[in-house]
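What the coordinates show
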Amino acid sequence: MADQPTRPTFDMDQHPDIAALRARYDWVSQRPSGQSVSGLAFLSGLYLAISPWVVGMFGHTTLTVNNLVTGIAVALVGAGIASAYGRIHGITWVMPIIGVWTVIAPWVLPPHSASTASIVSNVITGAIILATGLACAALGFMSTRRR
């Protein structure tokens, strides 16, 4: 076994193409449009997390827990996009899915008797999360076309 040639180790994170791509992603996320999108994503996630108490979803514990958990997830992804888009861009596809889920959750989750205020809150917040999620994903496309 000692006669086998050793292979040089190569750290893929140090590859020039990967480093340039991450630098481009970070450049795009630091532009005003990138900061606006990530900030709106973060704030919409925070609102979704506290919306059961703002709107008053008393008696709808399933929807309350759903909004709390998905809101925290969106806020964390929004914060990650703002701070390290070059590393987190691969999970931006989660935000539009959470946005669609937020829109349909009042009708899908039991008990199927959500109040009008909670439905309106979820639909508006879900649409904003869907739009910001698509915009966050588009940031990656902007970074490969421009500069």
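Up top is the structure.
Just so it is clear, the structure is predicted and the values come from calculations on it, not from any experiment.

1. As for the overall build of the protein chain
In terms of helices and strands, the protein chain carries five helices and zero strands. When the helices and strands of the protein chain are placed in sequence order, the string is α-α-α-α-α. Counting across all 147 residues of the protein chain, residues that qualify as buried make up 36%. A fraction of 71% describes how many contacts in the protein chain between residues 6 or more apart in sequence connect residues 24 or more apart.

2. Things to note about a nonpolar patch on the surface
On the surface, I50, W53, V54, V65, L68, V69, I72 and L76 cluster together to form a nonpolar patch covering roughly 780 Å² of accessible area. Elements that contribute at least two residues to the nonpolar patch include exactly α2 (32-56) and α3 (61-88). Per-element tally for the nonpolar patch: the top contributor is α3, with five residues. Relative to the helices and strands, V69 is located in helix α3.

3. Section: the packing of α3 against helix α4 (residues 94-108)
Between α3 and α4, whose axes approach to 11 Å, the crossing angle comes to 160°. Between α3 and α4, the interaxial angle falls into the category roughly antiparallel. Relative to α4, the crossing made by α3 is left-handed. On α4, the residues touching L63, N66, T70, A73, V74, V77 and I81 of α3 are M95, I98, W101, A105 and P106. Tallied by class, the residues present in the contact of α3 with α4 amount to 10 nonpolar, two polar and no charged.

4. What to know about the nonpolar core
Counting 13 residues, the largest nonpolar core has V74, V77, I81, Y85, M95, I129 and C136 as its most contacted members. At five residues, the largest contribution of residues to this core is made by α3. In this structure, L63, A105, L109 and I119 belong to the second largest nonpolar core, which totals six residues.

5. A closer look at the side chain of N66
Checked against the element boundaries, N66 lands in helix α3. With a relative accessible area of 13%, N66 lands in the buried category. Once residues within four sequence positions are removed from consideration, N66 is found in contact with W101, A105 and L109.

6. With respect to α3
Counted at 1.5 Å a residue, the expected span for α3 with its 28 residues is 40 Å, but the 31 Å between its end C-alpha atoms falls short. Taking the largest bend as the criterion, α3 deviates by roughly 85°, centred on A82.

7. As for the side chain of S38
With respect to the helices, strands and loops of the structure, S38 is situated in helix α2. S38 gets classed as buried once you look at its relative accessible area, which sits at 4%. When neighbours within four sequence positions are excluded, S38 is seen to be in contact with G78, I81 and A82.

Here is what the cut-offs are and how they apply
- Residues numbered from 1 in each chain as written.
- Predicted model: local features only at pLDDT ≥ 70, side-chain atom pairs only at ≥ 80, totals over all residues.
- Heavy atoms only, no water.
- Helix = DSSP H or I, 4+ residues; strand = E, 2+ residues; numbered from the N terminus.
- Buried < 20%, exposed > 50% of the residue type's maximum accessible area, 1.4 Å probe, protein only.
- Contact = heavy atoms within 4.5 Å.
- Patch = residues over 30% accessible without salt bridge, like charges linked within 9 Å, V, L, I, M, F, W, Y side chains within 5 Å.
- Areas by Shrake-Rupley, 256 points an atom, 1.4 Å probe, with all protein chains shown as cover.
- Salt bridge = Lys/Arg side-chain N within 4 Å of Asp/Glu carboxyl O.
- Axes fitted to C-alpha atoms, helices over the stretch in contact; angles between N-to-C directions.
- Parallel < 35°, antiparallel > 145°, perpendicular 65-115°, else oblique.
- Left-handed = near helix turned anticlockwise from the far one by under 90°.
- Nonpolar A, V, L, I, M, F, W, Y, C, P; charged D, E, K, R; others polar.
- Core = buried A, V, L, I, M, F, W, Y, C linked by side-chain atoms within 4.5 Å.
- Expected span 1.5 Å × (residues − 1).
- Bend = angle between axes of the 7 residues up to and from the residue.

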